[in-house]
Amino acid sequence: MNVSPEPAQASQQAVEHAGLRPLSARSVVLSLLLGAHPAEMPVKDLVRLVEPFGVGGSTLRAALSRMVTAGDLRRTDAGYRLSDRLLARQRRQDEALRPATRAWHGDWEMVVITATGRGPAERAELRARLTALRLAELREGVWLRPANLDRALPDALTRVARTYTARPDEPPHDLAARLWPLDAWAATARTLLDRTEAARTPADRLTAYAAAVRHLLTDPVLPPGLLPADWPGEALRTAYTGYQRELAASVGRGEGAA
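Residues numbered from 1 in each chain as written. Predicted model: local features only at pLDDT ≥ 70, side-chain atom pairs only at ≥ 80, totals over all residues. Heavy atoms only, no water.

(A) Geometry of the overall build of the protein chain. When you go through the protein chain residue by residue, the secondary structure sums to 10 helices and seven strands. For the protein chain, the residues scored as buried account for 41% of the 258 residues in total. Considering only residue pairs separated by 6 or more positions, the protein chain has 76% of its internal contacts joining residues 24 or more positions apart. Accessible area for the protein chain stands at about 14400 Å²; split by element, carbon and sulfur atoms hold 52% of it. (Helix = DSSP H or I, 4+ residues; strand = E, 2+ residues; numbered from the N terminus. Buried < 20%, exposed > 50% of the residue type's maximum accessible area, 1.4 Å probe, protein only. Contact = heavy atoms within 4.5 Å. Areas by Shrake-Rupley, 256 points an atom, 1.4 Å probe, with all protein chains shown as cover.)

Following this line, the structure appears as structure tokens:
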């Protein structure tokens, strides 16, 4: 006999699936800087902004020191800025919020892996790169997506793969549903929207929106005709864009403060 979880348990499972987790001092700093343009802040602004999250000045300074040592941040004359590695992550995050698309006429991008002899770490890294490009694996070594993204595939792929333009025989809507867990993605997005709307404290809001950004990085960004009805991707992007504006305004209010 199947036993349904209690409401509280089901709610907790949805939260865990949505990627909601407590924020450390490092997480708070990274979330603030990843959402800032430029991604640099004076220490006085960081002290003021992390205080509502329960991060004290001494804890912040210890975290900043560790993050510089780890290569997350760089110390500048003005304060702290993201490292080049995390600036690249910020660019990917920005692209996730507003991915450039073009009209779709039925073509699909296909990437076929041709390199052999790669170790587990190399294979895992390549899979992560292809997934970040919003491709999905049809079968081992064959990756697809509709050709509706206005971006070129990286030249580095030519060393390990061949790229093609394809027109699969399978109905596009069926193929998209097979390549991506669209219903599950939408359910998680709706959970995150509910959490962002319900969050009242700064810590709860940042936690919810940080999870929203991570989730948007996995949005397949399919043509509208291939998406289920009431797809929540755009609503989640709009909610996070509004939160970014709030953070930018809070930084601006601190300009010139002692």
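(B) Fine view of the side chain of Arg237. Mapping Arg237 onto the fold places it in helix H10 (residues 233-253). Side chain to side chain, Arg237 and Asp219 meet in a polar contact 2.7 Å long. For Arg237, the contacting residues outside a window of four places in its chain are Ala96, Leu97, Arg98, Pro99, Leu216, Asp219 and Val221. (Polar contact = N/O pair within 3.5 Å; in protein donor to acceptor, adjacent residues only side chain to side chain.)

(C) View of the nonpolar core. Val29, Leu73 and Leu82 are the most contacted members of the largest nonpolar core, which has 52 residues in total. In terms of residue count, the dominant contributor to this core is helix H2 (residues 25-34) (seven residues). Sequence-distant contacts of Leu82, defined by excluding residues within four places in its chain, comprise Leu30, Leu33, Leu34, Ala39, Asp72, Leu73, Leu87 and Gln90. (Core = buried A, V, L, I, M, F, W, Y, C linked by side-chain atoms within 4.5 Å.)

(D) Highlighting the layout of surface pockets. Considering only enclosed or pocket space, the largest pocket measures out at about 610 Å³ in volume. Lining the largest pocket are 22 residues; nearest its centre among them are Arg92, Glu95, Ala132, Leu133 and Arg134. Among the elements that make up the lining of the largest pocket, the one with the highest residue count is helix H5 (residues 84-97) (five residues). In terms of residue class, the lining of the largest pocket is built from 12 nonpolar, two polar and eight charged. (1 Å grid on protein atoms, 1.4 Å probe; cavity = no way out; pocket = protein on both sides within 12 Å on 5 of 7 lines; lining within 4 Å. Points joined across faces, edges and corners; volume = space filled by probe spheres on them. Nonpolar A, V, L, I, M, F, W, Y, C, P; charged D, E, K, R; others polar.)

(E) Broad picture of the packing of aromatic side chains. Under the defined criterion, the tally for this structure stands at five aromatic pairs. Considering the side-chain rings of Trp185 and Trp231, the 4.8 Å spacing of their centres and the 15° angle between planes classify their relative orientation as stacked. Remark: Trp231 occurs in the loop between helix H9 (202-216) and H10 and Trp185 occurs in helix H8 (residues 182-198); sequence separation between them is 46 residues. For the pair shown, Trp185 and Trp231 are each scored as buried. Geometrically, the ring pair formed by Tyr240 and Tyr243 is tilted, given 6.3 Å between the ring centres and 50° between the ring planes. (Phe/Tyr/Trp six-rings, centres within 6.5 Å; stacked < 30°, edge-to-face > 60°.)

(F) Quick peek at the sheet that holds strand E7 (residues 161-166). Spatial strand order, E5-E6-E4-E7: four strands in an open sheet with antiparallel pairing. Among the strands making up the open sheet, the edge pair consists of strand E5 (136-139) and E7. The sheet shows a mean angle of 30° between the axes of neighbouring strands, direction not considered. Of the strand pairs in this sheet, strand E4 (residues 108-113) and E7 are connected by six bridges, and their pairing is antiparallel. Its bridge partner being in E7, Val111 is matched across the sheet by Thr163. Running at roughly 105° to E5, helix H7 (residues 172-179) makes contact with E4, E5 and strand E6 (142-146) of the sheet. (Pairing = 2+ DSSP bridges. Axes fitted to C-alpha atoms, helices over the stretch in contact; angles between N-to-C directions.)

(G) Summary view of helix H4 (residues 57-70). End to end, H4 covers 20 Å across 14 residues, agreeing with the expected 20 Å (1.5 Å per residue, within 8%). Those residues of H4 not exposed but buried are Leu60, Ala63, Leu64 and Met67. The buried residues of H4 all sit within an arc of 105° when viewed along its axis, so they share a single face. Exposed side chains of H4 directed beyond 90 degrees from the buried face belong to Ser58, Arg66 and Thr69. In this structure, the buried side of H4 is in contact with H2, helix H3 (43-50), strand E2 (73-75) and strand E3 (80-82). Gly71 occupies a position one or two residues after H4 and carries a positive phi of about 85°. (Expected span 1.5 Å × (residues − 1). Arc of directions from axis to C-beta.)

Keep in mind that these numbers describe shape and distance, not what the molecule does.
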